Structures are given as structure tokens and as C-alpha cells.
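Coordinates in review
Each chain, letter by letter, is given below.
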Amino acid sequence: MTTIRVRLTLIYSGLFLLTSVVLLVTVNLLLRRALDIRITRLSGGPVAPTAPMRGVPVDRPLPQPQLPALVDDVIGYQWDVTAVTVGILALVSLVVGWLVAGRILRPVHRITATAQRLSLSTLHERIALAGPKDELKELADTFDAMLDRLERSVAGQRRFIANASHELRTPLAVQRAAIEIGLPEDVGEIRDTLLLHNRRAENLIDALLVLAQAEHGLDNRSPVALDQVVRLVLAERGSDGVTVTGRTEPFTVDGDPVLLNRLVTNLLDNAIRYNHPDGTVEVTLSRGVLTVRNTGPHVPQERFGDLFEPFRRLQTTRGQGAGLGLSIVASIAKAHGADVRASPNPGGGLELVVVFAGSEDAVPATDGSSRR
């Protein structure tokens, strides 16, 4: 597929060559016609003899039959010169057309570069294109105005998240304290049920807030030892009757340590929750690729598209989550420039792979796998 710059170059060069060829052909034809008329006049009338001057050589007039041959030689030479000229003009027009097209499209490249560089954490940047008030300046100003509206919208969303975090967590904390303190011991079953639902609501709110934070990007980055994060999560997370093994190699990620901890935690929780009793979970960090492989029920092919979607749950006998675990993983990975892939294990279960930027194993996903 040709670019706009190539197409503009071909258009400029084509129009220039067409004009040049028409001009040169017209000049040659007019020259041929003028020579033919002049020869006809010379051959049609007698030439008056002139007296030779002493000491001056006399030019003998050309015989009349040689005049048409002389005209053919002149016109042939003229056509050869025209062909060479057209070739040189073709090269010059291509070079000049390429430079002119690049000059015209430079503002478009600037707009494209800005659009590719922008994220939710860099919405303050603007194109601010200078120059005459033309179509490209109008396009850049329209894009800047859209960024203004988007920045205000994102700022409002962040304020809403902060307010919601406070307004939703506080009543749930008060509710949990009232249940634990206010209910008598003889209603233990009701008390446990209320506490369970209260804890689920708190976990759901926390998950939604983390998901919103990951989706708006990273405001601050710092070097994070991912291998230490993985070992910390493995040490803190209970196995719930599942055998968990881990193997890590040193690897540093430029990102947010809290979100990276949540990414590893959600991957491990998902591998343990969606597993068989006495199953296994294998966590590996090698050359910047984090792999979590577990045993468990077979995942149908048609369900792979739902793995990273919010509030989508796979059937399991080990408890139900909120359906946000892998959605949060995908959002955190995207915020860190990583790629998440999922593929089925032959004996059941899943293999979830997170490929971080700078890793050496950036292998494309195979058939039957899901990528985010």
C-alpha cells in the first residue's frame, strides 16, 4: 500500500512531465514545420548570384536535394535531445516532488506523532501547530480542542473515583463494624452471611478502583524488581490445598510497584481458584516473561474471548470471584506496555503469560490463544 507522500510525488511528477513533454513535442513539431516552409521557399525561387570579393572564400550553395536530408538530421538530433531532457526532468521532478510532498505533509506527521504519544496520563500535551490558517492548521486546532474536552472528562472521572472511594468504603466499614459488634452470638449464621456479603462488596469496590486506576495509565514510574514482587506474593498467598511452585530470575520493570503486585496476585488467585482439589500451580519469571500455569477444568474454545472481559466468570467449584481479576491483569499489563496471552493446557487449566517490554521471548500468540 502506497503512502500519501508517494502518491503526491507521483502526481506532481506526472503533471510536470506531462506538461514538459507536451511543450517539447510542440516545439519540435513547430520547428519541423518552420524548416519545411523555409526550404520550400528556398527551393521554389532562383538565387541571385553575387560577385565574389577578392581574398574572401566563396561558400558554395548546397545542392537542393541535400536540404531535406539536412532537415531530417536536425529534427532527429532535436528528438534525441528531447528524450534525454525528458529523462533528466523525470528524475528531477521525482526528487523535487518527494521533497515538496514531505514539506506539505510535515504538519500531518506532527499530528500523528502527537496522537500516538498521547495517553490518559499525558493529555496535557497539545499539537499547537503554527503557520497560516489553512486546512492543516484547522485540523490541528480541532484535535487540540478535542484533547481539551477529553482532559476535562478524565479529570472529572478521577475526581469521581476519589470521591466514590471514600463514600463507598466508609459505609461498608461502618456496616462491618456494626455486624461484628452489634449482632449477638446466637445469630452466628446470619452474622457470617452478612459479613461475607459485606466483604465481597468491599473487594468488588477495591477491584473496580484498581481497574479504573490501571486504565487511566501511570502517572509516576520507578524501577521495580519484578522477581521480588513475585516471591513476595508467593510467600503471602495461601495455597488453599493447591501445590504452588515458583521459579524467578532477576528482572526490572519500569512501572508502579503496587499495581504490579496486584497483577501477580490476581494471576495467582485466578490459578488457585480455577483449579482442581490437590491441583498444581506453576509460576515462572524468565527473561521478562511471567508465566502462570495451572491444572483445572477444561476451558471451552468459545470462552477464551471472555477471559479478560469484566464481570465474566468461568464455572468453578472453588468459589466465585467478582469476575474482574483478569480484567485488572490486562489493564495493568497495558499500562506497563506488556502483552497478556492465554492458552489452554492439554490436560485442562490455563497458561497465562505476561510479556513485558524489553523481554527476549516476545513470541506471537498461536492459534487458539487469547491476547490482550
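In what follows, the structure referred to is the one given above.
Parameters and conventions
- All chains use their own residue numbering, which begins from 1 and follows the written sequence.
- In keeping with the predicted nature of the model, local features appear solely for residues at pLDDT of at least 70, side-chain atom pairs appear and are counted solely at 80 or more, and the whole-chain, interface and lining totals rest on all residues.
- Side-chain measures here rest on the full set of heavy atoms in the structure, leaving out hydrogens and waters.
- Only DSSP runs of H or I covering at least 4 residues are called helices, and only runs of E covering at least 2 are called strands; the numbering of each starts at the N terminus.
- The contact criterion used is simple: two residues touch if any of their non-hydrogen atoms lie within 4.5 Å.
- Shrake-Rupley sampling with a 1.4 Å probe provides the accessible areas, and residues are treated as covered by the protein chains on show and by no other component.
- For patch detection, residues must exceed 30% relative accessible area and be free of salt bridges, and they are connected within 9 Å for like charges or within 5 Å for nonpolar side chains (Val, Leu, Ile, Met, Phe, Trp, Tyr).
- Throughout this description, the term salt bridge denotes a Lys or Arg side-chain nitrogen within 4 Å of a carboxyl oxygen of Asp or Glu.
- The axes used here are C-alpha line fits, helices contributing only the stretch in contact, and every angle between their N-to-C directions lies in the interval 0 to 180 degrees.
- Helix crossings fall into two classes, left-handed where the near helix is turned counterclockwise from the far one by less than a right angle and right-handed where it is turned clockwise.
- Side-chain classes are defined by residue name, with Ala, Val, Leu, Ile, Met, Phe, Trp, Tyr, Cys and Pro counting as nonpolar, Asp, Glu, Lys and Arg as charged, and the others, Gly among them, as polar.
- Reported orientations rely on four angle classes, namely roughly parallel under 35 degrees, roughly antiparallel over 145, roughly perpendicular from 65 to 115, and oblique for the rest.

Observations regarding the overall build of the protein chain
What the protein chain contains, in helices and strands, is seven helices and eight strands. For the protein chain, long-range pairs separated by at least 24 residues make up 69% of all intrachain contacts whose partners lie at least 6 apart in sequence. With an accessible surface of roughly 23200 Å², the protein chain has 60% of that area assigned to carbon and sulfur atoms.

Comments concerning a nonpolar patch on the surface
A cluster of nonpolar residues, Val84, Ile88, Val92, Val96, Val100 and Ile104, forms a patch on the protein surface that exposes about 480 Å² of accessible area. Positionally, isoleucine 88 belongs in helix α2 (residues 66-117).

Some words on the packing of helix α6 (residues 257-273) against helix α7 (residues 325-335)
Here α6 crosses α7 at 145°, and the two axes come no closer than 9 Å. Note on packing geometry: the crossing formed by α6 with α7 is left-handed. Contact residues: α6 offers Leu259, Leu260, Arg262, Leu263, Asn266, Leu267 and Asn270, while α7 offers Gly325, Leu326, Ile328, Val329, Ile332 and Ala333. Looking at the contact of α6 with α7 residue by residue, the classes come out as nine nonpolar, three polar and one charged.

Details of the packing of helix α5 (residues 226-236) against α6
Their axes nearest at 9 Å, the elements α5 and α6 cross at an angle of 45°. It follows that α5 is oblique to α6 by the angle criterion. For the pair α5 and α6, the sense of crossing is right-handed. Residue-level contacts link Leu226, Val229, Val230, Leu232, Val233 and Leu234 of α5 to Leu260, Asn261, Val264, Thr265 and Leu268 of α6. Broken down by class, the residue content of the contact of α5 with α6 amounts to nine nonpolar, two polar and no charged.

These figures capture arrangement, not role.
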